[in-house]
Amino acid sequence: MVVYMNGQYVKSEEAKISVWDHGFLYGDGVFEGIRAYGGKLFKLRDHLVRLYKSAKSLKITIPVTLEEMEKAVVETCRKNDLRDAYVRLVVSRGVGDLGIDPRKCKAAGPTVVIIADKIALYPRETYEVGLKVVTASTRKNISAAFNAQIKSLNYLNNILAKIEAIEAGAAEALMVNREGFVTECTTENIFIFTRGTLITPPVYVGILEGITRNTIIERAQRRGIAVREEPFTPHDIYVADECFVTGTGAEVIPVVLLDGRTIGDGVPGKVTMALLEDYRALTASEGTPLYE
Ligand code: PMP
């Protein structure tokens, strides 16, 4: 495997980060996860736009333009001869002396890394059987403390919730905000389908504005399904007809159990599966080509 590091393509054994990198020392940086399907990068632009927005919010100036980054992502996939891939883009504040002051990294500038690897797919069974989810006691960070729209290198809030899920024998944890409204799972957005309407939490409750989430909203609307972005509570999930989570890695995964309550019939819902099918058709047909 070959890894892009600050403009160079290096062998994975040699792709190493300094212990002085503020991404390592303080989680000071941003990232993206992008997928390639059959030689095409899905929603590459959207992921890059989000990366640059995350960096801007943290006052990290990415040293390459979005267009250059786009080319570098394509090139990293090509150099690794990948067609179906998972791309991890990481930009950290860079190398600097100890101490959180971002100015310490000014001289070296940000560290930019692109890793393209084979995709580790969720087992087929996950889509057929559905997920068991628990509501974590760890609350979602309040937006006034840290805005969830920034895809930062500090995932501890989500990791604490994930630990709770693992301890409870569940696949995922649902995170609620300080007011008790549903936000998202640890690395996926969430939807419910109830009385003919698809509902997902609005960005302002404290979520990452998922690219898969936005794609699903669009697909559902095209199918003529009413979609609303509005706050709801775990109770609304318990009594929903269907529930699913969305993410670049997950695509669309049905949720069949939350906190011991069976959702709908306890099997993946019809609308959920139709949207998964739509999503797969889209990922198979559109994207930025990797090869001529
Ligand atoms: N929420 C969180 C916290 C995430 O980390 C992710 C990305 N894995 C998502 C939602 C889903 O976002 P996307 O659909 O853009 O992958």
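A closer look at the pattern of salt bridges
Then, number 1: Using the criterion set out here, one finds 17 salt bridges in the structure.
Then, number 2: R35 is paired through a salt bridge with E251; the nearest N and O atoms lie 3.8 Å apart. Of this pair, R35 sits in strand β3 (residues 29-37) while E251 sits in strand β14 (residues 251-258); the two residues are 216 residues apart in sequence, bridging distant segments of the chain. Grouping residues by exposure puts R35 and E251 together as buried.
Then, number 3: We note a salt bridge from R178 to E179, for which the minimum N-O separation is 3.9 Å. The two residues R178 and E179 agree in class, both being exposed.
Then, number 4: The network of salt bridges with common partners includes R35, E251 and R280.

So, the pairing of strand β2 (residues 8-11)
Residues in a regular strand point their side chains to alternate faces of the sheet.
Then, number 1: Looking at chain direction, strand β1 (residues 2-5) and β2 are connected through four bridges and run antiparallel. Looking at β2, one finds that Y4 is bridged to Y9.
Then, number 2: From the end of β1 to the start of β2, which pair antiparallel, there are two residues, and N6 there has a positive phi angle of about 45 degrees.

Looking at the environment of Y9
Then, number 1: Residue position: Y9 is located in strand β2.
Then, number 2: In this structure, the C-alpha to C-alpha distance between Y9 and T76, residues 67 residues apart in sequence, is 7.8 Å.
Then, number 3: Apart from the residues within four sequence positions on either side, Y9 is in contact with V2, V3, Y4, A72, E75, T76 and K79.

Some thoughts on the layout of surface pockets
Then, number 1: Considering only enclosed or pocket space, the second largest pocket measures out at about 340 Å³ in volume.
Then, number 2: Taken together, 15 residues form the lining of the second largest pocket, with R50, K53, Q149, E209 and N214 sitting closest to its centre.
Then, number 3: Mapped onto the lining of the second largest pocket, the elements with two or more residues apiece are α2 (44-57) and α6 (211-222).
Then, number 4: A per-element tally of the lining of the second largest pocket places α2 first, with six residues.
Then, number 5: A per-class count over the lining of the second largest pocket returns three nonpolar, six polar and six charged.

Quick notes on empty space enclosed by the protein
Sizing a probe to match a water molecule and rolling it over the atoms shows the empty space that remains.
Then, number 1: Per the stated rule, a full pass over the model turns up one cavity of 30 Å³ or more.
Then, number 2: Within this model, the largest cavity holds a volume of roughly 40 Å³.
Then, number 3: Forming the walls of the largest cavity are R35, Y37, F42, H47, I211, T212, T248 and Y279.
Then, number 4: Of all the secondary-structure elements, those providing two or more residues to the lining of the largest cavity are β3 and α6.

Parameters at a glance
Residues numbered from 1 in each chain as written. Predicted model: local features only at pLDDT ≥ 70, side-chain atom pairs only at ≥ 80, totals over all residues. Heavy atoms only, no water. Salt bridge = Lys/Arg side-chain N within 4 Å of Asp/Glu carboxyl O. Helix = DSSP H or I, 4+ residues; strand = E, 2+ residues; numbered from the N terminus. Buried < 20%, exposed > 50% of the residue type's maximum accessible area, 1.4 Å probe, protein only. Pairing = 2+ DSSP bridges. Contact = heavy atoms within 4.5 Å. 1 Å grid on protein atoms, 1.4 Å probe; cavity = no way out; pocket = protein on both sides within 12 Å on 5 of 7 lines; lining within 4 Å. Points joined across faces, edges and corners; volume = space filled by probe spheres on them. Nonpolar A, V, L, I, M, F, W, Y, C, P; charged D, E, K, R; others polar.

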